[in-house]
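# Results of the structural survey
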Amino acid sequence: MQIANESEMIALGRSLAKQLNPPAVFELIGDVGTGKTTFTRGLAEGLGVSEPVTSPSFTISKRYDFQTPGGTNGELVHYDFYRLDDPGLMRDELAEALSQPNSVIVVEWGGDVADLLPETKLQLNLSLNPDDSRTISFNDNAKFMENL
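These notes cover the structure that comes with them.

About the cut-offs
Residues numbered from 1 in each chain as written. Predicted model: local features only at pLDDT ≥ 70, side-chain atom pairs only at ≥ 80, totals over all residues. Heavy atoms only, no water. Core = buried A, V, L, I, M, F, W, Y, C linked by side-chain atoms within 4.5 Å. Buried < 20%, exposed > 50% of the residue type's maximum accessible area, 1.4 Å probe, protein only. Helix = DSSP H or I, 4+ residues; strand = E, 2+ residues; numbered from the N terminus. Contact = heavy atoms within 4.5 Å. Pairing = 2+ DSSP bridges. Axes fitted to C-alpha atoms, helices over the stretch in contact; angles between N-to-C directions. Salt bridge = Lys/Arg side-chain N within 4 Å of Asp/Glu carboxyl O.

So, about the nonpolar core. Formed by 24 residues in total, the largest nonpolar core has its most connected members in Phe26, Phe39, Leu43, Leu47, Leu76, Val104 and Leu124. Going through the elements one at a time, helix H1 (6–18), strand E2 (24–29), helix H2 (36–47), strand E3 (61–67), strand E5 (103–108) and strand E6 (122–128) are the ones with two or more residues in this core. Contact partners of Val104, with chain neighbours within four places excluded, come to Leu20, Pro22, Ala24, Phe26, Leu43, Leu47, Phe66, Glu75, Leu76 and Val77. In terms of nonpolar packing, the next biggest core, distinct from the first, is built from twelve residues, Val25, Phe81, Ala97 and Leu117 among them.

Another aspect to go through is the sheet that holds strand E7 (residues 134–138). Within the open sheet, the seven strands sit side by side as E1-E7-E6-E2-E5-E4-E3. Their pairing is mixed. Strands with a single pairing partner mark the edges of an open sheet, and in this sheet they are strand E1 (2–3) and E3. Here four bridges tie E2 to E6, and the two strands are oriented parallel to one another. Directly across from Ile29, in E6, lies its bridge partner Asn125. Of the strands in this sheet, E2, E3, strand E4 (73–80), E5 and E6 are in contact with H2, which crosses E5 at around 170 degrees.

It is worth spelling out the pattern of salt bridges at this point. Pairing is possible between side chains of opposite charge, provided their charged atoms come close. The full count for this structure, using the stated rule, is six salt bridges. One salt bridge connects Glu45 with Arg14, and the closest N-O pair in it is separated by 2.7 Å. Within this pair, whereas Glu45 is found in helix H2, its partner Arg14 is found in helix H1, the two being separated by 31 residues in sequence. Between Glu27 and Lys121 there is a salt bridge, with the nearest N and O atoms lying 3.6 Å from each other. Here Lys121 lies in the loop between E5 and E6 and Glu27 lies in strand E2, a separation of 94 residues in the sequence. Like Glu27, the residue Lys121 is buried in the burial classification. Residues joined by salt bridges that share partners form a network here, namely Arg63, Glu75 and Glu93.

Below you can see the structure in the form of structure tokens.
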């Protein structure tokens, strides 16, 4: 899939959020500047998160509340393991978040915690093109995304 600009990346996240039934896990793979946090902002908007979504690069994780379609409380948890040589206690926090039934988990730079992520995760591989557009490919769990 080709994404031309930031607004298209946000629209992709919004569209995908409308199709989710928590729990859901996303693994975002891509270099710095490929749009991982921008995608997450769109996902949050689509879930109904009202507060601004920013990169968790320095805090490692950020949590945002939303209402599920069934009216129960949900939580978007956004992780960025880029700055950690060893995830340590953050592994435990991630494992706990993964066990919550109304959670949507987004993991950036998750190589050291990949063994915790469920096989049902939606994996997005993002790459930057020379014209500043992005190419996104999805794992087999995201086949329905081809219609977005």
